[in-house]
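# Breakdown of the fold
As a plain string of letters, each chain reads:
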Amino acid sequence: MASTLITEKQSQQNLSSGAASRTNLLARPPSPILASAPVHGGSAITTLHERDDSDIWKGWRRKIFFLIPLMTFLQAAFYLLYLGLRIYCVVAAQNAFNGTYIQAWVFLAIEVVVAVPPLMHNMWTMWAIKKRGRNKLRLVGDDVPTVDVFITCCGEDEEVIMDTVRAACDIDYPQDRFRVILLDDGQSKILEESMAKLSVIYPNAIYDARPKFPGVPHHFKAGNLNYGLDHVHTFPGGAGQFMAALDADMIPERCWLRAILPHMIKDPKIALACPPQLFYNVPRGDPLSQSLDFFVHVIEPIKDAMGVAWCTGSGYVARRDALDEIGNFPLGSLAEDVATSTHLLGRGWKTAYIHEPLQFGTVPEDYGGHLKQRTRWAIGTVDTSFKLKFCLWGDKIKMMTTAQRFSGFLYASLNLYTILLSVSLLAIPIILVMGRPLVAYATEEQLRWLIRACFATLATNRLCEFILSMPAGYHVGRRGSRYEMWMSPYIALCVIRSFILPTWLGGQSQAFKPTGSLGSALNERDAKTRKGLFRRLSAIIFGYMGWYHLVFVYVTLVGVVLTSFRCVVLEDGVNQQLFSLITHAFWPPVTFVFICSALWTPIAYAIDPPTVPEREQLLDRDSKTGVAHPTARSKKIAFSGEDAWYEVEYTLTTAFTCVVFAASFFWRSTAEQ
């Protein structure tokens with residue numbers, strides 16, 4: 001039955017080219033792991049470990065990670081205490097001195113706005129203690145389900161695409177039980193010829209390009225996938241029992257299908273199962289936070305435990321009858337993966353997250369490509385949420401659980417929240433230049449307790465961040481925090497243009513686009529061909545809105561200098577000068593340092609971009625088959641000098657907070673002097 005998955009034309013090509021001469025090329029020894037693994041009860045599924053993430057993180061870190069609910073509770077409690085005390089002290093100062101402390105209220109509002117995203121995240125991550133119950137499984141034997149593997153492409157580099165195709169054809173799965181179908185939206189003749197040559201060796205490799213007609217919407221990737229889902233019905237043998245999808249640059253590991261399918265076979269209600277998206281060309285230190293490590297290693301496992309795993313966009317496997325029930329991939333969205341997951345959950349199906357490194361792809365190699373990718377994701381997520389009423393009500397999500405609804409609402413809200421965050425950050429340089437107090441209080445005793453409450457909030461926040469980042473790595477968490485700051489203006493601008501502004505005021509439903517024409521690629525990560533410093537700076541500052549970040553940092557630092565000068569000149573006595581400096585500019589934990597450091601990222605990137613080796617140097621390629629997989633070294637993000645600098649900055653601001661906290665117990669009040 002399964003042999004009919006191969007088309008007659010390809011079978012004839014295979015026979016005429018002398019298949020016997022390729023026997024040694026295609027012969028694969030059985031997996032030593034699977035050969036030695038026990039198969040319980042004669043089942044075709046074997047359990048390799050009780051946890052699917054057993055190879056990713058283990059030991060003492062796992063034990064400490066379960067302190068997350070306690071630390072989250074303590075952090076929220078101390079923050080609310082600090083917030084209440086701040087409000088009380090501002091009101092007390094206004095009553096005592098018969099004035100209005102506008103800047104103090106604004107700064108308080110900024111602190112609240114900046115703290116809301118991590119607090120909302122932490123509300124969700126309190127469920128980290130809940131066990132997922134995902135075993136590390138493998139499907140053994142040749143009696144396996146049939147699968148249509150779709151690889152979508154549209155104008156990507158041919159070598160990149162063909163590396164993905166070859167790796168997909170080479171997976172450890174019976175060749176007559178799966179097809180690899182390249183869905184080419186770019187209709188490339190070169191790709192078609194390359195696929196014809198490859199099909200001689202791999203008869204289950206098929207090239208397909210849908211017809212496009214002027215004036216008829218194509219619906220991008222979702223439309224391409226839907227075409228593939230419909231068109232395979234015309235192939236000999238019809239459609240496979242499952243469909244799987246790979247992005248054009250995502251190279252699957254050989255155990256890819258055998259690792260994912262067992263979870264779906266064991267539970268027929270699982271409509272979609274996906275592995276993390278991992279990358280092999282991330283620059284040293286990941287200056288733009290391009291890896292998805294925090295999401296795939298921290299957030300997604302928690303979502304999976306709560307029954308709301310999102311499709312990660314590549315490497316996933318879906319059940320055909322589940323897709324048929326929702327009418328295939330939803331159209332009209334820039335984030336078809338999120339939309340599909342949500343529609344399946346709304347129909348009562350389950351989704352699963354398989355926390356194993358089963359695919360490795362490439363991140364955008366330039367600054368503009370990164371902006372376009374991330375703003376497209378944000379717009380797609382928000383657009384899906386609007387169409388589904390933020391997962392709060394409606395027929396399409398009526399079978400969702402409370403946790404699934406809250407998750408859909410939370411992650412859409414965080415993208416909208418970038419508007420408020422960007423606006424609130426603009427107030428920082430303004431109030432610093434004005435030189436008014438950021439923190440108001442009526443008595444020095446109130447100031448003491450404000451500092452102590454601030455220290456307690458900071459300490460629990462730092463510990464919570466450290467523990468929460470453990471599955472992904474401490475530095476990944478720090479990069480993510482900086483990313484939220486410097487990326488927020490881009491996401492906010494695109495969300496405003498897409499969902500708020502009318503067309504005649506500049507509204508447009510699209511990802512971020514640079515202003516003007518850049519003329520040619522910057523090639524900033526290639527040491528030999530990258531453009532000069534002036535060209536890189538002008539492109540990022542004027543073409544990619546880096547002027548916003550530059551002006552923000554410059555005006556903020558000028559405001560700090562001016563305010564510090566006033567505090568030293570206008571106040572009498574060391575005590576008063578120190579009190580004034582703390583309350584006017586250097587309130588712990590010196591938030592402006594972290595924000596300026598984060599918003600300086602685009603400028604720092606333009607001045608000193610990372611160098612990434614050529615893609616071929618990051619791959620191990622089989623000289624006989626041409627199949628390539630990323631090297632072990634390229635799969636890890638190397639530590640960089642920027643990481644060290646940010647750690648020094650983080651340590652110094654934390655130490656400053658500790659010193660001020662300790663001083664609050666020893667300084668003498670003005671009355672005592």
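The rules we used
- Residues numbered from 1 in each chain as written.
- Predicted model: local features only at pLDDT ≥ 70, side-chain atom pairs only at ≥ 80, totals over all residues.
- Heavy atoms only, no water.
- UniProt positions renumbered as here; feature names shortened; annotations may be inferred.
- Phe/Tyr/Trp six-rings, centres within 6.5 Å; stacked < 30°, edge-to-face > 60°.
- Helix = DSSP H or I, 4+ residues; strand = E, 2+ residues; numbered from the N terminus.
- Buried < 20%, exposed > 50% of the residue type's maximum accessible area, 1.4 Å probe, protein only.
- Expected span 1.5 Å × (residues − 1).
- Contact = heavy atoms within 4.5 Å.
- Pairing = 2+ DSSP bridges.
- Axes fitted to C-alpha atoms, helices over the stretch in contact; angles between N-to-C directions.
- Patch = residues over 30% accessible without salt bridge, like charges linked within 9 Å, V, L, I, M, F, W, Y side chains within 5 Å.
- Areas by Shrake-Rupley, 256 points an atom, 1.4 Å probe, with all protein chains shown as cover.
- Salt bridge = Lys/Arg side-chain N within 4 Å of Asp/Glu carboxyl O.

The name an unreviewed UniProt entry assigns to the chain is Glycosyltransferase family 2 protein, from the organism Stachybotrys elegans. UniProt, in its Subcellular location (unreviewed entry) section for the chain, records the words "Membrane".

Looking now at the packing of aromatic side chains. Aromatic ring pairs: the centre-centre distance and the angle between the two ring planes describe each pair. Applying the stated criterion across every chain yields a total of 16 aromatic pairs. Look at tyrosine 367 and tyrosine 544: their rings are 5.7 Å apart centre to centre, the planes differ by 70°, and that puts the pair in the edge-to-face class. Here tyrosine 544 lies in the loop between helix H18 (533-543) and helix H19 (546-570) and tyrosine 367 lies in helix H14 (residues 367-387), a separation of 177 residues in the sequence. Considered together, tyrosine 367 and tyrosine 544 belong to a single accessibility category, that of buried residues.

Attention now moves to the UniProt feature "transmembrane region" (unreviewed entry) in the chain. Within this numbering scheme, the UniProt entry marks residues 64-85, 105-129, 408-434, 547-569, 581-607 and 650-667 as carrying the feature "transmembrane region" (unreviewed entry). Helix makes up 100% of residues 408-434 and strand 0%. Its end C-alpha atoms lie 41 Å apart. Helix makes up 100% of residues 547-569 and strand 0%, whereas the separation of the span's terminal C-alpha atoms amounts to 33 Å.

Before going further, it helps to examine helix H23 (residues 641-663). Side chains that are three or four residues apart share a direction in an α-helix, a result of its 3.6 residues per turn. Here H23 spans 33 Å end to end across 23 residues, near enough to the 33 Å set by a 1.5 Å rise per residue. Turning to H23, its buried residues number three or more, namely Asp643, Tyr646, Glu649, Tyr650, Thr653, Thr657 and Val660. In this structure, the buried side of H23 is in contact with helix H16 (444-468), helix H17 (474-499), helix H20 (574-584), helix H21 (591-599) and helix H22 (601-607).

Looking now at the sheet that holds strand S10 (residues 317-319). Sheet architecture is open: seven strands sit in the order S5-S4-S3-S6-S10-S8-S11, paired in mixed fashion. Strands at the two margins of the open sheet, each flanked by one partner only, are strand S5 (205-208) and strand S11 (350-353). On average, each strand axis in the sheet is tilted by 20° relative to the strand beside it, whichever way the strands run. Where strand S3 (residues 147-153) lies against strand S6 (residues 242-247), six bridges are found, and the strand directions are parallel. Bridged to phenylalanine 150 within S6 is alanine 245. Sheet strands in contact with helix H11 (residues 293-305) are strand S8 (270-274) and S11, and its direction is about 150° off that of S11.

The next point concerns a nonpolar patch on the surface. On the surface, Leu67, Leu70, Phe73, Leu74, Phe78, Leu81 and Met126 cluster together into a nonpolar patch covering about 620 Å² of accessible area. Following the sequence through the fold, leucine 70 ends up in helix H5 (residues 68-97).

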